[in-house]
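# Per-entry structural report
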Amino acid sequence: MSSSRHDHPLPPARVEEVSDGIYAYVQPDGSWWINNTGFLVGRRGVISVDSCSTERRTLAYREAIRSVTDRPITTLVNTHHHGDHTFGNSAFPEATVVGHERTREMILAEGIPDYLKLAWTEADWGDLKIHPPFLTYTDGVTVHSDELRCEVRHIGVPAHTTNDSIVWIPERSLLFSGDLVFNGGTPFVMMGSVTGAIAALDELRALGAETIVPGHGGVCGPEVIDHVQGYLRFVLATAERGRAAGLSPLETARETDLGEYAGLLDPERIVGNLHRAYAELDGLAPGEPIDLVTAMLEMIDYNGGQPLTCLA
């Protein structure tokens, strides 16, 4: 990480109306624990897509919603279980929290993990309380903002995680992708699957979305799918080459020129991604558990032995 990310405050979060009555809440710079959310405003209330990682950031998101409407927040959809998208759920006590069955399962299993204070630089997490989805689905569910149909779909394969869902609004050609799409940040599949994520991106491309609200980074078009998929194919090819040479994931990462992907935020994710790719090349089924502790420690090692940068 460059020291400049520590020396200068991040730009403020911003609300962008991406379609009539539909808003993206974009939090720069989109690095570790700094995610995007979004919301739909209908006559009867507000539907939110995800919450934020810290109490402070989630309360600021609530204020941003209030700057647009005073209608009640009725529904909160979680795209997956990671804390940057779910730790703030408890700040929406009035909302029905909706998520995949495994999203609920993973949130309950992980709680507020101890590694927050060990793997990343210090952040003000606030008073976090676990608040998992209590309306769950297996394949998908449809929510409506007035007459507007919003299709919440489990992606069907391990990808970013084992429980990724999207929110697809076909009438507007608008997609909330969760962390299946990173724009400007290094894609991360350590807890999911490299091959699964590549396949999932094919499914996203086939939707024909014109506007994508990614899990991290600025609102974008479908061309970003190609860039994310290109990176994942690069990871897979790098893993094949390193494994054939008898190198460990960390050794392979250190020998690898990231090339066109060198400018992406959080480049140390190459190590975690390679751990997942090696496991799949060794025959482990997509999404099956790997040694996450070793992978995280080796990402720190790749980062010069320093905790990973968290500016949340």
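The shown structure was predicted, so the numbers you read here are calculated from the model rather than taken from an experiment.

By size, the foremost hydrophobic cluster in this structure holds 60 residues, and its most contacted members are Trp33, Leu204, Leu232 and Ile270. At nine residues, helix H7 (residues 223–244) tops the list of elements feeding residues into this core. Sequence-distant contacts of leucine 204, that is, excluding residues within four places in its chain, are made with Ile155, Ile166, Leu175, Ser177, Leu180, Val181 and Ile225. Core analysis: the second largest hydrophobic core is formed by 19 residues, Val49, Val167, Leu174 and Val213 among them.

On to the UniProt feature "domain: Metallo-beta-lactamase" (unreviewed entry) in the protein chain, then. Mapped onto the present numbering, the UniProt feature "domain: Metallo-beta-lactamase" (unreviewed entry) falls at residues 34–216. The span residues 34–216 is 25% helix and 30% strand, and its two end C-alpha atoms sit 7 Å from each other.

So, on to unusual backbone geometry. A cis amide bond, omega 5°, links proline 28 with the succeeding residue aspartate 29. By secondary structure assignment, the location of aspartate 29 is in the loop between strand S2 (22–26) and strand S3 (37–41). In this structure, tryptophan 33 takes a positive phi of about 70° despite not being glycine. The topology assignment puts tryptophan 33 in the loop between S2 and S3. Within the chain, aspartate 266 stands out as a residue other than glycine whose phi angle is a positive 60°.

Moving on to the sheet that holds S2. On the basis of which strands lie adjacent, the open sheet formed by seven strands has the order S1-S2-S3-S4-S5-S6-S7 and mixed pairing. Only two strands of the sheet have a single neighbouring strand rather than two, namely strand S1 (14–19) and strand S7 (135–137). Across this sheet, the average inter-strand angle for adjacent strands is 20°, counted without regard to direction. The pairing of S2 with S3 spans four bridges and is antiparallel. Its bridge partner being in S3, tyrosine 25 is matched across the sheet by threonine 37. Sheet strands touched by helix H2 (residues 55–68): S1, S2, S3, strand S4 (46–49) and strand S5 (73–77). Its angle to S3, the strand with the most contacts, is close to 30°. Together, strand S6 (96–100) and S7 form the strand contacts of helix H4 (residues 101–110), whose direction differs from that of S6 by roughly 100°.

With that out of the way, let us pick up the packing of helix H6 (residues 194–207) against H7. Viewed as axis vectors pointing N to C, H6 and H7 meet at an angle of 160°, and their least axial separation amounts to 10 Å. Put simply, H6 runs roughly antiparallel to H7. For the pair H6 and H7, the crossing hand works out as left-handed. Of the residues in H7, those touching H6 at Val194, Thr195, Ala197, Ile198, Leu201, Asp202, Leu204 and Arg205 are Ile225, Asp226, Val228, Gln229, Leu232, Arg233, Val235 and Leu236. The residue inventory of the contact of H6 with H7, partitioned by class, reads 10 nonpolar, two polar and four charged.

What follows covers the pattern of salt bridges. By the definition in use, this model includes 13 salt bridges. Its salt-bridge partner being aspartate 146, residue arginine 43 comes within 3.7 Å of it at the nearest N-O pair. Of this pair, arginine 43 sits in the loop between S3 and S4 while aspartate 146 sits in the loop between strand S8 (140–145) and strand S9 (148–154), and the two are 103 residues apart along the sequence. Owing to a relative accessible area of 56%, arginine 43 belongs among the exposed residues under this scheme. Residue classification places aspartate 146 among the partly exposed positions, given a relative accessible area of 27%. Between glutamate 151 and arginine 153 there is a salt bridge; the shortest N-O distance is 2.5 Å. Accessibility expressed as a relative area gives 15% for glutamate 151, which makes it buried. Given the relative accessible area of 33%, arginine 153 is considered partly exposed.

Okay, the packing of aromatic side chains next. Going through the model one piece at a time under the given rule, you end up with 14 aromatic pairs. Seen from their ring centres, tyrosine 25 and tyrosine 61 are 4.9 Å apart, and the 35° between their planes marks the pair as tilted. Taken together, the residues tyrosine 25 in strand S2 and tyrosine 61 in helix H2 connect sequence positions 36 residues apart. In this pair, the class of tyrosine 25 matches that of tyrosine 61, namely buried. Plain terms: the ring middles of tryptophan 33 and phenylalanine 87 are 5.7 Å apart, the flat faces sit at 15° to each other, and that makes the pair stacked. Taken as a pair, tryptophan 33 in the loop between S2 and S3 and phenylalanine 87 in the loop between helix H3 (83–86) and S6 lie far apart in primary sequence, 54 residues in all. These aromatic residues form a ring-pair network of at least three members: Trp32, Trp33, Phe87, Tyr115, Trp120, Trp125 and Phe188. Taking NZ or CZ as reference, arginine 269 lies 5.6 Å from the ring centre of phenylalanine 188, over its face.

What counts, and where the lines are drawn
- Residues numbered from 1 in each chain as written.
- Predicted model: local features only at pLDDT ≥ 70, side-chain atom pairs only at ≥ 80, totals over all residues.
- Heavy atoms only, no water.
- Core = buried A, V, L, I, M, F, W, Y, C linked by side-chain atoms within 4.5 Å.
- Buried < 20%, exposed > 50% of the residue type's maximum accessible area, 1.4 Å probe, protein only.
- Helix = DSSP H or I, 4+ residues; strand = E, 2+ residues; numbered from the N terminus.
- Contact = heavy atoms within 4.5 Å.
- UniProt positions renumbered as here; feature names shortened; annotations may be inferred.
- Pairing = 2+ DSSP bridges.
- Axes fitted to C-alpha atoms, helices over the stretch in contact; angles between N-to-C directions.
- Parallel < 35°, antiparallel > 145°, perpendicular 65-115°, else oblique.
- Left-handed = near helix turned anticlockwise from the far one by under 90°.
- Nonpolar A, V, L, I, M, F, W, Y, C, P; charged D, E, K, R; others polar.
- Salt bridge = Lys/Arg side-chain N within 4 Å of Asp/Glu carboxyl O.
- Phe/Tyr/Trp six-rings, centres within 6.5 Å; stacked < 30°, edge-to-face > 60°.
- Lys NZ or Arg CZ within 6 Å of the ring centre and 35° of its normal.

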